[in-house]
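Residue strings, one per chain:
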Amino acid sequence: MTDPTARFDIAHLARAELFTPRPQETLDFFTKFLGMYVTHREGQSVYLRGYEDPYQWSLKVTEAPEAGMGHAALRASSPEALERRVASLKQGNVEGTWSEDQFGYGKTFEFQSPDGHNLQLLWEVEKYVAPQELQSKILSRPSKKPLSGIPVKRIDHLNLMASDVTPLKDSFERHLGFRTTERVVDGNVEIGAWMSSNLLGHEVACMRDMTGGRGKLHHLAFYYGTGQHLADAVEMFRDYDIQIEAGPDKHGITQGQFLYVFEPGGNRIELFGEAGYLHLDPDAETKTWQMSDIDTGLAVGGAKLPWETYFTYGTPNPLALDQHIEKFSHFGPGAPVDDPEVSAAERAVPDEIDHSRAVSGSPV
Ligand SMILES: [Fe+2]
Ligand SMILES: [Fe+2]
């Protein structure tokens, strides 16, 4: 249950760090295709921001042996709100440590989710101030829209893969004041939960890892605010061999418009078109989707979110993406194995066909 006195103590997702074994290609993805600005370099890391991100950086790309999420940080609504949320975590026996070692941010509390994700809370930030040549005439915009690719405005949300959704959801509700706007259940088992600290449908979501893995990243999302950009972006990705997983389409859950791709390091990135349903009603009940309605929940327009990746692949992953796809190609409900007609149809599909999802430009 959400502690009502904690509502709005967390303002929003401020930043996340992605690990990549292919740092230059990952950096090219975020700068050339998604138009993010580089604001800082340090060691094996590059710091980036979208043109409407308010702080020095929202994304840190760090070279590492495996893809995955280094950490994600939520900004509190005030110094007092930060202290309240840290006190709640400590009362719940969630251990953590304070540090102050990230470029552009101050004192930060680091702890782990019940599934082992590295999460952080902070208040102190350094606001981004553009040099004169990058200042926008639109005063609410911290910098000009760049002339590169299809530029994202800002970081949007985080989706964590977990061995068990429920304890992670409970922790966000109890300690961080999030409310669960929507969830998916299969009988008594929670398959997914979408949680919000503000008016958006979610700042953080959690999905059950069907492989039983723990503490993985499902995806990090960036915001366009305009659905047409997804149609433009998917053409760009197709032309330049960025692996597309699914979309563009519109989720029933959250009503957000989505496009999922894999950046060259192997992390799943979601591009969010229109923000979807805004939660203005302060005591709205959580909407619960049954698995029987999951097709509407996932994609109103009928796009198929592939079982071989969407429900099984997170980062870090024991297999490279193309190997993972091969291993899980027959995973999922109704997966054909012995039906002769289906086998014949499968044989008729040329091996070299350029499928519309999850196969082109596969990172090795
Ligand atoms: Fe998402
Ligand atoms: Fe999504």
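Residues numbered from 1 in each chain as written. Chains lettered and ligands numbered in written order. Predicted model: local features only at pLDDT ≥ 70, side-chain atom pairs only at ≥ 80, totals over all residues.

Identification of the chain as Catechol 2,3-dioxygenase from Rhodococcus aetherivorans is taken from an unreviewed UniProt entry.

## Details of the overall build of the chain
Within the chain one finds 7 helices and 17 strands. For 364 residues, the compact-globule estimate of 2.2 N^0.38 gives 21 Å, and the C-alpha radius of gyration of the chain, at 20 Å, lies within 12% of that figure. Taken over the C-alpha atoms alone, the chain extends approximately 65 × 50 × 35 Å along its principal axes. Across the 364 residues in the chain, those meeting the buried criterion constitute 46%. Sequence-distant contacts, at least 24 apart, represent 68% of the contacts inside the chain between residues at least 6 apart. (Helix = DSSP H or I, 4+ residues; strand = E, 2+ residues; numbered from the N terminus. Rg over C-alpha atoms; globule rule 2.2 N^0.38 Å. Buried ≥ 20, exposed ≤ 12 C-beta atoms within 10 Å, placed from the backbone. Contact = placed C-beta atoms within 7 Å.)

## Some details on the sheet that holds strand 4 (residues 59-63)
Reading across the sheet, the 8 strands line up as 2-3-4-1-5-8-7-6 and stay open at both edges, with mixed pairing between neighbours. The open sheet has two edge strands, strand 2 (37-42) and strand 6 (96-99), and neither has a second partner. Averaged over all pairs of adjacent strands, the angle between strand axes in this sheet comes to 25°, irrespective of strand direction. With 5 bridges connecting them, strand 7 (residues 108-112) and strand 8 (residues 118-122) associate as antiparallel partners. In the sheet register, glutamate 110 faces strand 8, and the bridge partner there is glutamine 120. Contacts between helix 1 (residues 23-33) and the sheet are confined to strand 1 (10-20), strand 2, strand 3 (45-49) and strand 4, with strand 4 contributing the most and set at about 160° to the helix. (Pairing = 2+ DSSP bridges. Axes fitted to C-alpha atoms, helices over the stretch in contact; angles between N-to-C directions.)

## Remarks on the sheet that holds strand 16 (residues 268-272)
Across the sheet, which stays open at both edges, the 9 strands sit in the order 14-15-16-13-9-12-11-10-17 with mixed pairing between neighbours. Looking at strand neighbours, the two that pair on one side only are strand 14 (243-250) and strand 17 (287-290), the edges of this open sheet. This sheet shows a mean twist of 20° between the axes of neighbouring strands, independent of strand direction. Pairing between strand 10 (residues 179-186) and strand 11 (residues 189-196): 7 bridges, direction antiparallel. Paired with arginine 179 across the bridge in strand 11 is serine 196. Running over the sheet, helix 3 (residues 165-176) touches strand 9 (154-162), strand 10, strand 11 and strand 12 (204-208) and is turned about 25° from strand 11. Strand contacts of helix 4 (residues 228-239): strand 14, strand 15 (257-262) and strand 16, with the helix running at about 165° to strand 14, the strand carrying the most contacts.

## Re helix 2 (residues 79-91)
The end-to-end C-alpha distance of helix 2 is 18 Å, a good match for the 18 Å that 13 residues give at a rise of 1.5 Å each. Among the residues making up helix 2, those that are buried are Leu82, Arg85 and Leu89. Around the axis of helix 2, the buried residues are gathered within 70° of arc, so they sit on the same side. Residues of helix 2 that are exposed and point more than 90 degrees away from the buried face comprise Glu80, Ala87 and Gln91. Against strand 1, strand 5 (68-76), strand 6, strand 7, strand 8 and helix 3 lie the buried residues of helix 2. (Expected span 1.5 Å × (residues − 1). Arc of directions from axis to C-beta.)

## Some details on the pairing of strand 13 (residues 216-223)
Two faces belong to every sheet, and in a regular strand the side chains alternate between them. Among the 8 residues of strand 13, 8 are classified as buried, and the element is accordingly described as predominantly covered. Here 7 bridges tie strand 9 to strand 13, and the two strands are oriented antiparallel to one another. Within the sheet, the bridge partner assigned to histidine 157 lies in strand 13 and is alanine 221. Summarising the sheet, strand 13 and strand 16 pair through 4 bridges and their orientation is parallel. Within strand 16, the residue paired with alanine 221 across the bridge is glutamate 270.

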